[in-house]
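Residue-level structural notes
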Amino acid sequence: MTQAVSKKRFYGPLVKFYIPLVLCLSGWVAFGVQTIVCKERMAQKDVRLHQLESQIDAMQTASKDLDKTIVSLDGVIQTFRQLQENLKHAKQKIERIGTQEKHIKGSQ
């Protein structure tokens, strides 16, 4: 019984000192691990964010190029329509001249 009492007296102060110390240190270790994991996740998210921003920039550039191309094609279509009208007018003039020549030759 004296040994039990002496062990209690010896371990009592150690337990009171080391248990809070161990708990405190384990808390710091857990906090450090959590910080490292969070930083790693943030780095991955930053990389993904940069990729998405690059894709958005590329799509905006492609959209602007597409808009310019549409405007250019509209101009080409308008030019072809004008050419078509000019050719119709030229054809009509040629037909009028041909009918006038037929009338002139027919009357001679």
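Please refer to the structure placed before this passage.
Residues numbered from 1 in each chain as written. Predicted model: local features only at pLDDT ≥ 70, side-chain atom pairs only at ≥ 80, totals over all residues. Heavy atoms only, no water.

Here's the deal with the overall build of the protein chain
Our working definition: Helix and strand assignments follow DSSP, with helices taken as H or I runs no shorter than four residues and strands as E runs no shorter than two, numbered in order from the N terminus. Here the accessible surface of atoms and residues is derived via Shrake-Rupley with a 1.4 Å probe, and residues count as covered only by protein chains that are part of the display.
Per the secondary structure count, the protein chain includes one helix and zero strands. On the protein chain, roughly 10,400 Å² of surface is accessible, and the fraction owed to carbon and sulfur atoms is 65%.

A look at a nonpolar patch on the surface
Our working definition: Only residues above 30% relative accessible area that lack a salt bridge enter a patch, with like-charged residues linked at up to 9 Å and the nonpolar side chains Val, Leu, Ile, Met, Phe, Trp and Tyr linked at up to 5 Å. We define a salt bridge as a contact between a side-chain nitrogen of Lys or Arg and a carboxyl oxygen of Asp or Glu at a distance within 4 Å.
Taken together, the side chains of F17, Y18, L21, V22 and L25 make up a nonpolar region of the molecular surface, amounting to roughly 490 Å² of accessible area. Within the secondary structure, Y18 sits in helix α1 (residues 2-107).

Observations concerning the packing of aromatic side chains
Here is the rule we go by: Two aromatic rings, drawn from Phe, Tyr or Trp (for Trp, its six-membered ring), form a pair once their centres lie within 6.5 Å of each other, and the interplanar angle then sorts them: stacked below 30 degrees, edge-to-face above 60, tilted otherwise. Exposure classes here rest on a 1.4 Å probe applied to the protein chains alone. A residue is buried below 20% of its type maximum, exposed above 50%, and partly exposed in between.
In the structure shown here, the tally under the stated rule is one aromatic pair. Ring centres 6.2 Å apart and planes at 85 degrees place the aromatic pair W28 and F31 in the edge-to-face group. Of this pair, W28 and F31 both sit in helix α1, separated by three residues, roughly a single helical turn. A residue is classified by how much of its surface remains accessible, and W28, at 57% relative accessible area, is exposed.

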